[in-house]
Amino acid sequence: MSTIHTVSRAMLRRVVIASVLGNAFEWFDFAIYGLFAVTIAHLYFPGGDAVASLMLTLATFGVGFFVRPLGGVLLGIYGDRVGRKKALSLTIALMALGTGMIGVLPTYAAIGMAAPILVVIARLIQGVSAGGEFSGATTMLIEFAPRDRRGFFGSFQMCSQALAFSLGSAVAFLLTRHLDAVQLQSWGWRLPFLAGILVGPVGWIIRSKIDESPEFLACMADAARADAHAAKAPLRDVLRQYPRELVASTAICVVGTVSAYVFVFFLPIFAKQTLGIAAADANFASFVGTAVILVMCPFAGYLSDRVGRKAVLVFGMLGYGAAAWYCFGRLVATPSAHTLLMLELGVSVFMSFIWGPMPIILTEVLPVSVRSTGAALTYNVAVMMFGGLAPFINTWLVKATGSPLAPLYYVMFSIFVGCVGAALLPGVREPRLAVSSSRG
């Protein structure tokens, strides 16, 4: 199959903007749910035990992740069959619906058990949408990018997540700093969810201005000349033909997703609930950490184009493990805004070298005909199993063991899984060499 295509700089800019901003909108909605988990627990899951109430809220946070593989596979198949552009427009509309629901839902005090049930439904809608967003946007992004700069452009996808987390943390910081407890609980927490309703129209307009992926169009044209569909059953084909790629990339996703959901979502909650650090300080530290990732990710992606994906990834995992072990221990020993900030800064620098090359690795090992489906499957299985429930699991681990160091062991386990994935990873693009087109 021919993989040579020419894309204008103007169209490439539009694709980058559509992928980054659209994905950032999606993840902003996910981020603010985690950041306002304590407030949501009080309003929608009231109970005599504050920890049990919080765990119910975090379990609801995780519910959205159980449907992510289903949503990701369905939207991935849709993207592999009818096009990347149509799939991305659908995901953005679904996310706006789920987010809007949370922003306007009456509380438990107003409508009783219907309130938490409706929260769960909204989270399921968000989960289906988010399941297809990452793989669809990443696939579109790298299929437009020049081959020798795919690492650099692919890293923008993780920049969009860091941007979303930074914006979510910034909004949470401003609201907790400038509103009192009564204002925040009565109406302040709803503001970012209501703003998220804009995801639908703004995201759709942005994505309607881009072309379909040239590699996807070329794949369809080649299939038409051969009188066959490029992939009649993308899910079946990717499972049968690329098992090693799926296992390796899923393992790599584990370390990436655990880093996000432990240090972006769980850590601010842990700092507030367990260590007694002020909410504003916890949100500020989270904002600084994600801002570091936002700046560093493109450099990590650029570096992967020069020295290779695996080299950057392994360096990031080892440095991340060392920083987490040292800085988390210091935070638990002497809890303060300073040690929390040092932890976020330390892990975020090295997380950038994991996040930067990860999107391109997940997509580069698969051919065009099954790329969206395969990337959706690996990413969402990893997130479902190790990411979405990470705040809940770590909250339970701390309570069950009585040790505030328990989350650190979860992080170390994820690093081991990621290193196994890197070892199993089939050959991906070497620096300065073109990707082989023999498999797509």
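Residues numbered from 1 in each chain as written. Predicted model: local features only at pLDDT ≥ 70, side-chain atom pairs only at ≥ 80, totals over all residues. Heavy atoms only, no water.

(A) Structural context of the state of the cysteines. One pass over the structure, following the stated rule, counts zero disulfides. Free cysteine cysteine 159: the closest other cysteine sulfur is in cysteine 297, separated by 4.9 Å. (Disulfide = S-S within 2.5 Å.)

(B) How the structure looks around empty space enclosed by the protein. Summed over all chains, the structure comprises one cavity of 30 Å³ or more. In this structure, the largest cavity is lined by Trp27, Met158, Gln161, Phe165, Gly256, Thr257, Ala260, Tyr261, Trp355, Met358 and Tyr379. When residues of the lining of the largest cavity are assigned to their parent elements, the largest contribution, four residues, is made by helix 14 (residues 243-273). Tallied by class, the residues present in the lining of the largest cavity amount to eight nonpolar, three polar and no charged. (1 Å grid on protein atoms, 1.4 Å probe; cavity = no way out; pocket = protein on both sides within 12 Å on 5 of 7 lines; lining within 4 Å. Points joined across faces, edges and corners; volume = space filled by probe spheres on them. Helix = DSSP H or I, 4+ residues; strand = E, 2+ residues; numbered from the N terminus. Nonpolar A, V, L, I, M, F, W, Y, C, P; charged D, E, K, R; others polar.)

(C) A look at the environment of leucine 366. Checked against the element boundaries, leucine 366 lands in the loop between helix 18 (358-364) and helix 19 (368-387). Sequence separation between leucine 366 and glutamate 245 is 121 residues, and the spatial gap between their C-alpha atoms is 7.6 Å. In contact with leucine 366, not counting residues within four places along its chain, are Val238, Tyr242, Glu245, Arg371, Gly374 and Ala375. (Contact = heavy atoms within 4.5 Å.)

(D) The arrangement of the layout of surface pockets in detail. Of the pockets and cavities examined, the second largest pocket occupies roughly 240 Å³. Taken together, 14 residues form the lining of the second largest pocket, with Val38, Thr39, Thr176, Leu184 and Ala279 sitting closest to its centre. Where the lining of the second largest pocket is concerned, the elements lending two or more residues are helix 2 (37-44), helix 8 (150-178), helix 9 (181-188) and helix 15 (279-307). Of the residues forming the lining of the second largest pocket, the biggest block, four residues, is contributed by helix 2. Taken together, the residues of the lining of the second largest pocket break down into eight nonpolar, five polar and one charged.

(E) Highlighting the packing of aromatic side chains. Under the defined criterion, the tally for this structure stands at twelve aromatic pairs. Relative to phenylalanine 156, the ring of phenylalanine 153 has its centre 5.6 Å away and its plane inclined at 75°; by these criteria the two rings are edge-to-face. A residue pair is termed a helical-turn pair when its members lie 3 or 4 positions apart in one helix, as phenylalanine 153 and phenylalanine 156 do in helix 8 at three residues. Judged by its relative accessible area of 7%, phenylalanine 153 falls in the buried class. Among the aromatic side chains, those forming a connected cluster through ring pairs are Phe299, Phe315, Phe350 and Phe353. (Phe/Tyr/Trp six-rings, centres within 6.5 Å; stacked < 30°, edge-to-face > 60°. Buried < 20%, exposed > 50% of the residue type's maximum accessible area, 1.4 Å probe, protein only.)

(F) Quick peek at the packing of helix 20 (residues 390-401) against helix 21 (residues 406-424). At a minimum axis distance of 8 Å, the contact between helix 20 and helix 21 shows a crossing angle of 130°. Between helix 20 and helix 21, the interaxial angle falls into the category oblique. Considering how the two elements wind past one another, helix 20 and helix 21 form a crossing that is right-handed. From helix 20, Ala390, Ile393, Asn394, Leu397, Val398 and Thr401 reach across to helix 21, where they touch Ala406, Pro407 and Tyr410. Its residues placed into classes, the contact of helix 20 with helix 21 shows seven nonpolar, two polar and no charged. (Axes fitted to C-alpha atoms, helices over the stretch in contact; angles between N-to-C directions. Parallel < 35°, antiparallel > 145°, perpendicular 65-115°, else oblique. Left-handed = near helix turned anticlockwise from the far one by under 90°.)

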